[in-house]
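# Observations on the three-dimensional arrangement
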Amino acid sequence: MNPGVQVCVPTVALLGMYCRGCLSRTQSLPRRSFSTLHKRMSRWNSLETIHHPTPQENPRVLITGGLGQLGVGLAQTLRKQYGRDNVILSDIKKPPPHVFTSGPFVYADVLDYKHLRELIVNNRITWLIHYSALLSAVGEANVALARKINITGLHNVLDLALENCLRLFVPSTIGAFGPSSPRDPAPDLCIQRPRTIYGVSKVHGELMGEYLHHKYGLDFRCLRYPGVISVNSSPGGGTTDYAVQIFHDALSTGHHECYLRPDTRLPMMHISDCHRATVEFMQAPECQLSLRTYNIAAMSFTPEEVAQEIRKHLPHLKVTYNPDSVRQTIADSWPVRFDDTNARRDWGWTPAFGLEELVSDMLHFIRDKRNNEGLPVS
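Each value, and the rule that gives it
- Residues numbered from 1 in each chain as written.
- Predicted model: local features only at pLDDT ≥ 70, side-chain atom pairs only at ≥ 80, totals over all residues.
- Heavy atoms only, no water.
- Buried < 20%, exposed > 50% of the residue type's maximum accessible area, 1.4 Å probe, protein only.
- Helix = DSSP H or I, 4+ residues; strand = E, 2+ residues; numbered from the N terminus.
- Arc of directions from axis to C-beta.
- Salt bridge = Lys/Arg side-chain N within 4 Å of Asp/Glu carboxyl O.
- Pairing = 2+ DSSP bridges.
- Axes fitted to C-alpha atoms, helices over the stretch in contact; angles between N-to-C directions.
- Contact = heavy atoms within 4.5 Å.
- 1 Å grid on protein atoms, 1.4 Å probe; cavity = no way out; pocket = protein on both sides within 12 Å on 5 of 7 lines; lining within 4 Å.
- Points joined across faces, edges and corners; volume = space filled by probe spheres on them.
- Nonpolar A, V, L, I, M, F, W, Y, C, P; charged D, E, K, R; others polar.
- Expected span 1.5 Å × (residues − 1).
- Parallel < 35°, antiparallel > 145°, perpendicular 65-115°, else oblique.
- Left-handed = near helix turned anticlockwise from the far one by under 90°.

## Brief notes about helix α4 (residues 113-122)
Among the residues making up α4, those that are buried are Y113, L116, R117, L119 and I120. Viewed along the axis of α4, the buried residues span an arc of 160 degrees, placing them on a single side of the element. Exposed residues lying more than 90 degrees from the buried face of α4 are K114 and N122. In the stretch just after α4, R124 is the one whose phi turns positive, near 55 degrees.

Next comes the structure, spelled out in structure tokens:
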């Protein structure tokens with residue numbers, strides 16, 4: 001071996017599909033209130049009872065909250081790499097026909113710990129991607145529900161990931177920062193202090209995951225997503241949703257009413273970059289990761305800047321501004337840019353889409369979609 005060359009070897013299983021040290025520290029794992037975790041592990045007589053994946057073995061993936069903005073597309077990406085039947089989407093809603101027929105789908109409520117455990121055990125899950133959450137604006141309208149889903153649901157997932165030695169991905173958000181955070185740019189490690197229940201729950205998730213990683217070896221991974229822009233999903237109550245709606249309005253009516261001021265700058269990302277970042281991060285050997293939570297960045301723009309770029313294709317677009325006090329206050333507390341230096345250095349992150357490419361791609365696909373559905377195009 002050449003001196004000075006770092007060789008990355010997963011500590012428990014090839015491909016790092018199980019958490020670091022989980023097999024050697026089973027007796028030190030925290031007890032769930034029902035004492036089930038300790039009882040299960042005390043019955044292990046030897047490490048030979050644990051399944052060790054081979055280098056050729058694909059992960060078995062469960063995605064919670066799979067019918068939101070990100071789950072369906074990520075499932076498609078993962079199925080192309082790991083096989084249709086190795087990626088299971090789940091949600092509490094009925095899936096549309098094209099989702100139901102595209103691969104395995106199950107009902108899963110993240111507040112139902114017992115049923116979630118059954119799904120993980122019966123399907124031999126090794127990667128868990130936890131997308132279940134109430135977003136910023138919706139969460140402020142129903143704080144009690146947001147607290148249940150975003151915090152209680154998260155604790156269920158953390159416990160099950162630890163119990164079953166899963167590689168766990170939980171997304172964080174631009175909303176994890178607050179008005180006292182550095183805004184231009186926001187680094188990975190800084191004062192956060194968010195002022196929404198969504199942001200508070202995400203900071204809680206970041207810290208709990210990091211704690212369980214350092215104390216028990218949980219392979220916890222988290223990316224702070226900027227605003228994510230996609231064609232195939234409807235806005236879901238987020239503060240950055242205008243950047244999706246403006247494209248649909250531009251091609252349907254030619255008019256968009258924006259709930260943010262024209263100069264409100266926020267980090268944004270094309271959904272394909274978001275999916276690619278997530279998959280590359282999940283695939284990265286654990287020894288390359290200096291952090292458990294990373295910023296990822298692609299571009300940063302204002303409503304007026306994206307409108308001007310759209311007008312290069314659709315000169316007739318009219319945008320009026322009617323700031324919503326709740327969402328504008330939230331946006332004003334968030335960073336205007338992300339510093340993602342650590343992600344680029346540690347696991348090679350780099351975006352493919354800038355603003356020009358984003359606008360061209362969104363208009364192209366929405367126009368085709370409306371034409372295929374027989375809808376008029378402005």
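## Some remarks on the pattern of salt bridges
Applying the stated criterion across every chain, the model contains 17 salt bridges. One salt bridge connects R224 with E206, and the closest N-O pair in it is separated by 2.9 Å. Residue R224 is found in strand β7 (residues 219-225), and its partner E206 is found in helix α7 (residues 197-216); the two are separated by 18 residues along the sequence. With a shortest N-O distance of 2.6 Å, E305 and R265 are connected by a salt bridge. Of the two residues, E305 sits in helix α10 (residues 303-311) while R265 sits in the loop between β9 (255-258) and β10 (266-270), which places them 40 residues apart along the sequence.

## Structural notes on unusual backbone geometry
Here D184 and P185 are connected by a cis peptide whose omega angle stands at 0 degrees. Along the chain, P185 turns up in the loop between β6 (172-173) and α7. Not every positive phi belongs to a glycine, and R124 is a case in point at roughly 55 degrees. One can find R124 in the loop between α4 and β4 (127-130). Of note, the phi angle at R193 is positive, near 50 degrees, even though the residue is not glycine. Tracing the backbone shows R193 in the loop between β6 and α7. With relative accessibility at 63%, the residue R193 sits in the exposed group.

## A short note on the sheet that holds strand β8 (residues 227-229)
Reading across the sheet, the 3 strands line up as β8-β10-β12 and stay open at both edges, with mixed pairing between neighbours. Edge strands, defined here as strands with exactly one partner in the open sheet, are β8 and β12 (299-301). The sheet shows a mean angle of 45 degrees between the axes of neighbouring strands, taken without regard to direction. Looking at chain direction, β8 and β10 are connected through 3 bridges and run parallel. Note that in β10 the partner of I229 across the bridge is H270. The strands that helix α13 (residues 355-372) touches are β8, β10 and β12; relative to β12, the one it contacts most, it runs at about 80 degrees.

## Some thoughts on empty space enclosed by the protein
For the coordinates displayed, the defined rule picks out 1 cavity of 30 Å³ or more. The volume enclosed by the largest cavity comes to roughly 90 Å³. Broken down by secondary-structure element, the contributors of at least two residues to the lining of the largest cavity are α6 (143-163) and α7. Here the element with the most residues in the lining of the largest cavity is α7; it accounts for 4 residues. Partitioning the lining of the largest cavity into residue classes produces 6 nonpolar, 6 polar and 2 charged.

## Side note on helix α9 (residues 271-283)
With 13 residues, α9 ought to run about 18 Å at 1.5 Å a step, and its terminal C-alpha atoms sit 18 Å apart, in line with that. Those residues of α9 lying buried are I271, D273, C274, H275, A277, T278, V279, F281 and M282.

## Looking at the packing of helix α2 (residues 71-82) against α9
Relative orientation of the contacting elements α2 and α9 amounts to 50 degrees, with a least axis distance of 10 Å. When the interaxial angle is binned, α2 and α9 end up oblique. The crossing of α2 and α9 is right-handed. The residues of α9 that touch α2, namely those facing G73, L74, T77, L78, Q81 and Y82, are H275, T278, V279 and Q283. The class makeup of the residues in the contact of α2 with α9 is 4 nonpolar, 6 polar and no charged.

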